[in-house]
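Residue-level structure breakdown
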Amino acid sequence: MRDRFGPNFTRLAAPPWAAASALALLLTLAVGPSAAPGAEPVAGEYDLKAAFVYQFTHYTEWPAESFEDSTSPIVVAVVGEDPFRGALERAVRDKTVGGRSLAYRHFANANALEPCHVLYVSPSERQQLGQIVRDAQDFAALTVADTEDFTREGGMVRFLTENKKVRFEIRRKAVEAAGLRIKAQLLKAGHIYQERP
Amino acid sequence: MRRQPLWVIIALAAHAATLAVPAGAAAGTQRAPLLPVSAAATTEPVEGADADAAPAGAAAAQHDDDDAFHSVDELTSMSLEELMEVSILNTRVTSVTRERTRVAEAPAAVHVITQDDIRRSGHTSIPELLRLAPGLSIARINANQWAISARGFNHVFHNRYADKLLVLQDGRPLYNPMSSGIYWESQDYLLQDIDRIEVVRGPGSTLWGANAVNGVINVVTKSARDTQGTLAHALAGTQESIGALRHGGRIDEETYYRVFAKYRDHYNFANPDGTDAHDGWDQFRGGFRIDRHVGDGDVFTLQGEGYEGQIGRTHDLDTLDLPFSVVSQDQFSINGADVIGRWTHSISPTSDFSLQMFYDRISRNDPVVGYEQDTFDVEFQHRFALTERQQIVWGVGARLMSDELENTQVIRVRDTSRQTYLLHAFVQDHVTIVPERLHLFVGSKFEVNPFTGLEVQPGVRGLWTPNETNTVWAAASRAVRTPNRLDDDADILFTRVGLPGSLVEVRGEHNNELKSEEVLALELGYRVEPVEHLSLDVATFYNRYDNLIGYVPTEPRLADPPLDLIFPRQARNVMAGETFGAEVAAHWRVSDRWRLSGSYSFIETRINNRGGVDASDATTIEDSAPRNQFQVHSYVNVTRDLELNAALYFVDEIGIHPNVGRGDLPEYARLDVNVAWRPREGLELTIGVQNLLDEAHPEFVPEAREHYSEVERMFYAQLVWKF
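All values reported here derive from a predicted model rather than from experimental measurement.

1. Concerning the overall build of chain B
Each helix and strand counted, chain B has nine helices and 41 strands in total. Long-range pairs, those at least 24 residues apart, make up 64% of the contacts in chain B between residues at least 6 apart in sequence. On chain B, roughly 24,700 Å² of surface is accessible, and the fraction owed to carbon and sulfur atoms is 59%.

Next up, the structure:
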């Protein structure tokens, strides 16, 4: 029985390997770059959400008094622990929207909050949500978060996931209360938060 | 112990060469423009069950699809409409906590084989696909049989298949209650319609019950909504050929369906001496699935399939005359069917319930263990938020089984027909101690079975996420493997020995007083994303087993002619033992076009017998799973429509039962390579080779009776056409 596994039992075969790799190379060369449609587009969750936040700046109008002058930048900020890991900063870097450049800022927590134009509220700040939402309303920042109860607690835009795709919900009442205007195109793309009577 | 370093070196060099080819080719095509997303976003949508809001990020443990992976810079150049079509790359699983959890946040050793992994692997069957999961032992016995286990115990022993793993397909258990094993040759699906395969190593018993001792595997098929249109699949290879057709459509606004048919024909492998092993098989399978989505809250699913096939089997047949054992080549038929109905109702984002029923029928004309079995099962599950910090999942279920066994020369039972039942309930409390940071999962399964009565299987799991890139989890669980129909009732002919003037039979005898085999499992795991695009997943375990079943020789007795003497061996709970080990998996997105993933696993098994049992049984278990295994996968997008995929597997030596042969079955390395080309949308052509490194090698030697053959190299060409 043992001789079934004799020393010659391993049969290495180099030629098929060489043939296969040559074939692979040949195919690669033969086909070359092509423009046929690829497969489903995919991205990292927070890379994608960062791009959404960047898009939001195109569809939002801030009250004039929220800018120092006509050249001051639109400040996009994160409060709390940053789930974007640099993606949001990269998304807004060297961009201009409506003649204004975009700037990125990070606030360690609710107490360190300063005026800005778009504020992503990290889940780590859940306890201070009420305070953050009130402060942001005062300086007319568009508030954005992932947390489930965000819009219910007075937040403006909440990300959700449907079929692995990013969707968002907008609470119009909160947006209007801050003196912001969101363009119809964005409202149409998102879900509208239903106010409870 | 024999080592073959040359083998491994050549394998590694070959793999390096694989990488060298596409890396150069890819560099030349870097300037190929990325397509507008609106044009690219035409493939199938993904599974529709996760309408839940995403919690804060943690380390992305896995990337499930990289066909058109977009960086932040690319994303910011897209319009809002285009962004809405981009899918998130992360995988969620339900097997661990019965809530949809991200892999990175699951408090268990979990791995997900995604549709993309399936497509790029070149594997053609469910058991072969499981090679992709770290830490599993996959050993192909012959063309139609596999020995598969998690964390050791991969022995096939007197018709006992690896019996400590629970495998489900869409919530329906695939393991066979007769022997607790799985007939892998009976499990198949249109592989393109599988959404994912969740593989959990370690006990899943707290939620899934008996048999989930060392692991749970859940094959999840796509919703009919996600398989619209027609798909044709044809594969021609040197070892097998497959043809399949699926059509998906819409009945009305809310209702989607698909139907499929598949035929596969596998040729004979060869015996170690080069002769034909007579283990070829074929199978026809057809099925359907209907999903009705009513509003946001209700999903009704009805699915079913049926199969029929012929299996070639070579085995030893005992005779009453010289030479007392002959090699018999048989062909037998198997068939089966199942229907599953499921209603899922969502009450709120934190609350839902589901009601599932299934009926399953299997029939095997196996010359060794022939039987028919009908199973009816109903299960209810409810999830709700008890308080703001406590999420409860609970469920109850019942299963009725009716079987009819055929007494064969090998297996003899007292009751050729039995009706048995299983009642079960589980509850789990998911406590959020610190939001986003610290979670505790406490739960237990309660099961009443006809053999040992009530079994309680509690478990506790903790998950700590100190920051966005680090996750630590720990778990302690008790799990059992309840005795099965054969343990309880069957006498098994082990062997016959002709001595001068007398004929002696060694016979394994049933024991209806067996207790459950049990394990206490301790686990500790860590996931980290040390730098962007690299993630590591480490799982360690220490398991203590008790009441393991072994055969104890009892008093020889005289037998009816023509036998003279019987040497009985009774199944008893006589062994105990421990296993410990570690599994490390890594995923690295080297660039937008090149992804690497790999894993290494180690296990040490120590079994001791507490008295009387043949020591070789303990050794067989100890040496049944490879001590060291590693695998590396390389996925390269050479151009937008050309992929080069390669996988290298190394499997350490395993033991051979002393009854069968001496020594060890040597380690082997396996290299699979394929090239996939999409000349136009919806059409994919693949050519590939499995086992490039050698002509054939054995992977497993079963203990007695069943024959094994060598797994051969296969060249294949495949076409998948969606229209």
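2. A word on the overall build of chain A
When helices and strands are tallied, chain A shows six helices and 11 strands. The 197 residues of chain A split such that 54% are buried. Only carbon and sulfur atoms are counted for the fraction: they give 49% of the accessible area of chain A, which is about 9,000 Å².

3. Some words on the nonpolar core
By size, the foremost hydrophobic cluster in this structure holds 75 residues, and its most contacted members are Leu130 and Ile197 of chain B. In terms of residues, this core owes the most to one element, strand β10 (residues 194–201) of chain B, which gives four residues. The contacts of Ile197 of chain B, once residues within four sequence positions are left out, are His111, Val112, Ile113, Ile118, Leu129, Leu130, Ile217, Asn218 and Val219 of chain B. Grouped together as the second largest cluster of nonpolar side chains are 48 residues, Ala51, Leu142, Val175 and Ala178 of chain A included.

4. Here we look at the confidence of the model for chain B
Residues and elements named next belong to chain B. In this model, chain B carries a mean pLDDT of 85, and residues with pLDDT of at least 70 account for 88%. Under a pLDDT of 50 for its full length, residues 1–67 has, in the predicted model, 195 contacts with residues more than four places off or in other chains. Interface scoring of the predicted complex returns ipTM 0.79; its pTM is 0.76.

5. A few points about the packing of aromatic side chains
All names here are of chain B. On inspection of all chains with the given rule, the structure shows 18 aromatic pairs over all chains. Judged by centre distance (6.5 Å) and plane angle (80°), the rings of Trp146 and Trp281 are edge-to-face. Here Trp281 lies in strand β15 (residues 281–294) and Trp146 lies in strand β7 (residues 145–150), a separation of 135 residues in the sequence. For the pair Phe630 and Phe650, a centre-to-centre distance of 5.5 Å together with 25° between the ring planes defines the contact as stacked.

6. Looking at the pairing of strand β6 (residues 118–121) of chain A
Residue and element names in this part refer to chain A. Here β6 shows no split at all, with Val118 and Tyr120 on one side and Leu119 and Val121 on the other all buried. Bridge count between β6 and strand β7 (residues 142–145): four bridges; the pairing is parallel. Each bridged residue has a counterpart across the sheet, and for Tyr120 the counterpart in β7 is Val144.

7. Quick word on the pattern of salt bridges
For the structure on display, the rule yields 67 salt bridges over all chains. Of the charged contacts in the structure, one is a salt bridge between Asp146 of chain A and Lys49 of chain A, with a shortest N-O distance of 2.7 Å. Here Lys49 of chain A lies in helix α2 (residues 45–56) and Asp146 of chain A lies in the loop between β7 and β8 (157–162), a separation of 97 residues in the sequence. Note on accessibility: Asp146 of chain A and Lys49 of chain A belong to one class, buried. The partner of Arg481 of chain B in a salt bridge is Glu517 of chain B, and the shortest N-O contact between them spans 3.0 Å. Here Arg481 of chain B is found in strand β25 (residues 470–481), whereas its partner Glu517 of chain B is found in strand β28 (residues 517–531), with 36 residues between them in sequence. Across the pair, Glu517 of chain B and Arg481 of chain B agree in class, each one buried. Within the structure, one salt-bridge network assembled from shared partners comprises Asp116, Asp117, Arg119, Arg120, Arg595, Glu643, Arg678 and Glu684 of chain B.

8. Notes on a nonpolar patch on the surface
Residue and element names in this part refer to chain B. Taken together, the side chains of Met357, Tyr359, Phe376, Leu400, Tyr421 and Leu423 present a nonpolar region at the surface, about 550 Å² in accessible area. Looking at the nonpolar patch, the elements with two or more residues in it are β18 (351–364) and β22 (417–434). Considering the arrangement of structural elements, one finds Tyr359 in strand β18.

9. Focus: the pairing of strand β20 (residues 390–406) of chain B
All names here are of chain B. The sheet contact formed by strand β19 (residues 370–387) and β20 spans 17 bridges and is antiparallel. What sits directly across from Asp377, in β20, is Arg399. Adjacent in sequence and paired antiparallel, β19 and β20 are bridged by two residues.

10. Structural notes on the sheet that holds strand β9 (residues 172–173) of chain B
Residues and elements named next belong to chain B. The five strands are arranged β5-β10-β11-β8-β9 in an open sheet whose pairing can be described as mixed. Looking at which strands have only one partner, the edges of the open sheet turn out to be β5 (109–114) and β9. Relative to strand β11 (residues 215–221), strand β8 (residues 166–169) runs parallel, the two being bridged by four bridges. Paired with Val167 across the two strands is Ile217, which belongs to β11.

11. Here we look at the side chain of Asn214 of chain B
Residues and elements named next belong to chain B. With respect to the helices and strands, Asn214 occurs in the loop between α7 (205–208) and β11. At a separation of 2.7 Å, a polar atom in the side chain of Asn214 contacts the side chain of Tyr545. Apart from the residues within four sequence positions on either side, Asn214 is in contact with Ala150, Arg151, Phe153, Lys164, Val200, Arg201, Gly202, Pro203, Asn543 and Tyr545.

12. Overview of empty space enclosed by the protein
Residues and elements named next belong to chain B. Counted according to the given criterion, the structure contains 17 cavities of 30 Å³ or more. Quantified by volume, the largest cavity comes out at close to 310 Å³. Counting residues per element, the ones that place at least two in the lining of the largest cavity are β9, β16 (298–318), β17 (325–348), β18, β19 and β20. Among the elements that take part in the lining of the largest cavity, β18 stands out by supplying four residues, more than any other. Of the residues contributing to the lining of the largest cavity, the split by class is 10 nonpolar, seven polar and eight charged.

13. Considerations on the environment of Leu644 of chain B
With respect to the helices and strands, the residue Leu644 of chain B is situated in strand β34 (residues 642–651). For the pair Leu644 of chain B and Asn674 of chain B, spaced 30 residues apart in sequence, the C-alpha separation works out to 6.0 Å.

14. Observations concerning α2 of chain A
An α-helix turns once every 3.6 residues. As a result, residues three or four positions apart point the same way. Residue and element names in this part refer to chain A. The terminal C-alpha atoms of α2 lie 17 Å apart, and with 12 residues this matches the ideal 16 Å at 1.5 Å per residue to within 8%. A large share of α2 lies buried, amounting to 12 of its 12 residues. Inspection of α2 places Glu45, Tyr46, Asp47, Leu48, Lys49, Ala50, Ala51, Phe52, Val53, Tyr54, Gln55 and Phe56 among the buried residues, and these make up the whole buried set.

15. What to know about helix α4 (residues 129–138) of chain A
All names here are of chain A. Leu129, Ile132, Val133 and Ala136 are the residues of α4 that are buried. The buried residues of α4 all sit within an arc of 100° when viewed along its axis, so they share a single face. Among the exposed residues of α4, those oriented more than 90 degrees off its buried face are Arg134 and Asp138. Check the buried side of α4 and you find it contacts β3 (74–79), β6 and β7. Positive backbone phi, at 55°, marks Ala140, one or two positions downstream of α4.

16. Topic: the side chain of Gln428 of chain B
Residues and elements named next belong to chain B. Here Gln428 is to be found in strand β22. What makes Gln428 buried here is its relative accessible area of 4%. Other than its neighbours up to four places away in sequence, Gln428 contacts Val96, Thr97, Glu99, Leu207, Gln391, Ile392, Val393, Phe441, Val442 and Gly443.

17. Remarks on the confidence of the model for chain A
Predicted coordinates in areas of low pLDDT are best not read in detail. Residue and element names in this part refer to chain A. The predicted model of chain A averages 80 in pLDDT, with 79% of residues at 70 or higher. Predicted confidence is poor over residues 1–20, with pLDDT under 50, and the contacts of this stretch with residues over four places away or in other chains come to 42 contacts. Here residues 22–38 is a poorly scored stretch, pLDDT under 50, and it has 30 contacts once near neighbours within four places are set aside; other chains count.

18. Quick word on the environment of Phe723 of chain B
Residues and elements named next belong to chain B. With respect to the element layout, Phe723 can be found in the segment after β41 (714–722). Considered as a pair, Phe723 and His247 are 476 residues apart in the sequence and their alpha carbons are 9.5 Å apart. Residues contacting Phe723, with those up to four places away along its chain left out, are Gly229 and Thr230.

19. Remarks on unusual backbone geometry
All names here are of chain B. Even without being glycine, Arg151 reaches a positive phi, approximately 50°. Note that Arg151 resides in the loop between β7 and β8. Judged by its relative accessible area of 2%, Arg151 is buried. Its identity as a non-glycine residue notwithstanding, His278 has a phi of 50°, on the positive side. Mapping His278 onto the fold places it in the loop between β14 (255–266) and β15.

20. Here we look at the environment of Phe300 of chain B
Residues and elements named next belong to chain B. By the secondary structure assignment, Phe300 is in strand β16. According to the relative accessible area criterion, Phe300 is partly exposed, its value standing at 35%. Sequence separation of Phe300 and Pro107 is 193 residues, and the distance between their C-alpha atoms is 30 Å. Those residues in contact with Phe300 that sit more than four places away from it in its chain are Ile290, Asp291, Arg292, Val294, Arg342 and Trp343.

Procedures and definitions
Residues numbered from 1 in each chain as written. Chains lettered and ligands numbered in written order. Predicted model: local features only at pLDDT ≥ 70, side-chain atom pairs only at ≥ 80, totals over all residues. Heavy atoms only, no water. Helix = DSSP H or I, 4+ residues; strand = E, 2+ residues; numbered from the N terminus. Contact = heavy atoms within 4.5 Å. Areas by Shrake-Rupley, 256 points an atom, 1.4 Å probe, with all protein chains shown as cover. Buried < 20%, exposed > 50% of the residue type's maximum accessible area, 1.4 Å probe, protein only. Core = buried A, V, L, I, M, F, W, Y, C linked by side-chain atoms within 4.5 Å. pLDDT = per-residue confidence, 0-100. Phe/Tyr/Trp six-rings, centres within 6.5 Å; stacked < 30°, edge-to-face > 60°. Pairing = 2+ DSSP bridges. Salt bridge = Lys/Arg side-chain N within 4 Å of Asp/Glu carboxyl O. Patch = residues over 30% accessible without salt bridge, like charges linked within 9 Å, V, L, I, M, F, W, Y side chains within 5 Å. Polar contact = N/O pair within 3.5 Å; in protein donor to acceptor, adjacent residues only side chain to side chain. 1 Å grid on protein atoms, 1.4 Å probe; cavity = no way out; pocket = protein on both sides within 12 Å on 5 of 7 lines; lining within 4 Å. Points joined across faces, edges and corners; volume = space filled by probe spheres on them. Nonpolar A, V, L, I, M, F, W, Y, C, P; charged D, E, K, R; others polar. Expected span 1.5 Å × (residues − 1). Arc of directions from axis to C-beta.

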